[in-house]
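Okay, here's what each chain looks like letter by letter:
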Amino acid sequence: MRLFYRYVLFKMLAWFLLLCVQLMFGWIRASELTFELPDNAKQCFYEDITIGTKCTLEFQVVTGGHYDVDCRLEDPDGTVLYKEMKKQYDSFTFTASRNGTFKFCFSNEFSTFTHKTVYFDFQVGDDPPLFPNENRVTALTQMESACVSIHEALKSVIDYQTHFRLREAQGRSRAEDLNTRVAFWSIGEACILLVVSISQVVLLRSFFSDKKTTTTRVGS
């Protein structure tokens, strides 16, 4: 009986290690990056894709200005597959029609003094199956089904963590910007109140100050 439990425990550990390796390979297959895009600037990225591969481009402006940016995606022949102007966030899925290097660019050329922080996730292809025989006709074992469910749940957790991390960064940026504006507004109000108070004191003193009169004696 102990040997049976040890066997089950060893098998579960082996499936867990395989799950971790699959997740690592899943991360490698995707390009995920957060970068700063200066004002009047344009940044392009390139990816080699084979024909028939399904790809997904997802981006979001984290900080800067009105949280918008221009995005453009081109195939190896220069044909525009996707083009949007002043978008805060978006997602686009396509299937490569030919082999070659695809280019996608983010532009902040319409902004004259505000730089942006942009996040994008470019996924190329589908995730490989967790098990080599996952697409077989026969049903999976209970342990294999549990591993597949855990694998899908962990991927969902990673997506949710990324989403909430971006929302937290965007909210923090808005709060810091609002705090800076409130601080400058408070300083401006304090200066105006100081100037008005000094002006009122000087004006009131001028009302109650004694006016000196000079008399001139005319001799006969």
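Quantities reported herein were computed from a predicted structural model and do not represent experimental measurements.

S.K.: Teacher, can you tell me more about the state of the cysteines here?
M.R.: Disulfides are covalent bonds that connect the sulfur atoms of two cysteines. Enumeration according to the criterion identifies one disulfide in this entry. The disulfide bridge from Cys44 ends at Cys105, spanning 2.0 Å between sulfur atoms. Given an S-S torsion of about 105°, the disulfide between Cys44 and Cys105 has right-handed geometry. Remark: Cys105 occurs in strand 7 (residues 100-107) and Cys44 occurs in strand 2 (residues 42-49); sequence separation between them is 61 residues.

S.K.: Explain the nonpolar core here, please?
M.R.: One broad rule of soluble globular proteins: the nonpolar side chains tend to lie buried together. In this structure, Ile49, Phe94, Phe104, Phe106, Phe120 and Phe122 are the most contacted members of the largest nonpolar core, which totals 24 residues. Going through the elements one at a time, strand 1 (30-37), strand 2, strand 3 (54-63), strand 4 (69-74), strand 6 (89-95), strand 7 and strand 8 (116-124) are the ones with two or more residues in this core. Non-local contacts of Phe104, meaning those with residues more than four positions away in its chain, are made with Gln43, Cys44, Phe45, Leu57, Arg72, Leu73, Phe120 and Phe122.

S.K.: Explain the sheet that holds strand 4 to me, please; I cannot follow it from the model alone.
M.R.: Strand-to-strand pairing in sheets goes through backbone hydrogen bonds, with the strands running parallel or antiparallel. Pairing is antiparallel across the open sheet formed by four strands, whose spatial order is 2-7-4-5. Strands at the two margins of the open sheet, each flanked by one partner only, are strand 2 and strand 5 (80-87). Direction aside, neighbouring strands of the sheet carry axes that sit 10° apart on average. Alignment of strand 4 against strand 5, held across five bridges, turns out to be antiparallel. The residue bridging Val69 from the neighbouring strand is Lys87, located in strand 5.

S.K.: Any chance you could explain the packing of aromatic side chains here in plain terms?
M.R.: The relation between two aromatic rings is expressed through the spacing of the ring centres and the mutual angle of the planes. By the definition in use, this model includes 16 aromatic pairs. Ring centres of Phe94 and Phe102 lie 5.8 Å apart, and the angle between their planes is 35°; on these two criteria the pair is classed as tilted. On the basis of relative accessible area, Phe94 is assigned to the buried category, the value being 9%. Assessed through its relative accessible area of 1%, Phe102 is described here as buried. Pairing Phe94 with Phe122 gives two aromatic rings, centres 6.4 Å apart and planes at 35°, and the pair type is tilted. Here Phe122 lies in strand 8 and Phe94 lies in strand 6, a separation of 28 residues in the sequence. Among the residues examined, Phe122 registers a relative accessible area of 0% and is labelled buried. What links up through ring pairs into an aromatic cluster is the set Phe35, Phe45, Phe59, Tyr82, Phe92, Phe94, Phe102, Phe104, Phe106, Phe120 and Phe122. The positively charged end of Arg174 is found above the aromatic ring belonging to Tyr67, 4.1 Å away from the centroid.

S.K.: How should I be thinking about the pattern of salt bridges in this particular structure?
M.R.: Side chains that carry opposite charge are capable of pairing whenever their charged atoms lie near each other. For the structure shown, the criterion picks out seven salt bridges. When the shortest N-O distance is used, the salt bridge between Lys103 and Glu74 registers 3.8 Å. With Lys103 in strand 7 and Glu74 in strand 4, this residue pair connects regions lying 29 residues apart in the sequence. For Glu74, a relative accessible area of 14% puts it in the buried group. A salt bridge links Glu168 to Arg172; the shortest N-O distance between them is 2.5 Å. Of this pair, Glu168 and Arg172 both sit in helix 2 (residues 142-208), four residues apart, which is roughly one turn of the helix. Exposure remark for Glu168: the relative accessible area of 44% places this residue in the partly exposed category. Taken together, the shared-partner salt bridges in this structure form one network comprising Arg72, Glu74 and Lys103.

S.K.: Even after reading the chapter, I still don't get the side chain of Ser173, so can you show me in this structure?
M.R.: In this fold, Ser173 is placed in helix 2. Judged by its relative accessible area of 17%, Ser173 is buried. Apart from the residues within four sequence positions on either side, Ser173 is in contact with Thr63 and Tyr67.

S.K.: It is not clear to me how the confidence of the model for the chain should be interpreted in this structure. Could you clarify?
M.R.: Note that predicted coordinates carrying low pLDDT should not be read in detail. Here the chain averages 79 in pLDDT, while 75% of its residues score no lower than 70. Considering only residues more than four positions removed or in separate chains, one finds that residues 21-28, a stretch of pLDDT under 50, has nine contacts.

Rules behind the numbers
- Residues numbered from 1 in each chain as written.
- Predicted model: local features only at pLDDT ≥ 70, side-chain atom pairs only at ≥ 80, totals over all residues.
- Heavy atoms only, no water.
- Disulfide = S-S within 2.5 Å.
- Helix = DSSP H or I, 4+ residues; strand = E, 2+ residues; numbered from the N terminus.
- Core = buried A, V, L, I, M, F, W, Y, C linked by side-chain atoms within 4.5 Å.
- Buried < 20%, exposed > 50% of the residue type's maximum accessible area, 1.4 Å probe, protein only.
- Contact = heavy atoms within 4.5 Å.
- Pairing = 2+ DSSP bridges.
- Axes fitted to C-alpha atoms, helices over the stretch in contact; angles between N-to-C directions.
- Phe/Tyr/Trp six-rings, centres within 6.5 Å; stacked < 30°, edge-to-face > 60°.
- Lys NZ or Arg CZ within 6 Å of the ring centre and 35° of its normal.
- Salt bridge = Lys/Arg side-chain N within 4 Å of Asp/Glu carboxyl O.
- pLDDT = per-residue confidence, 0-100.

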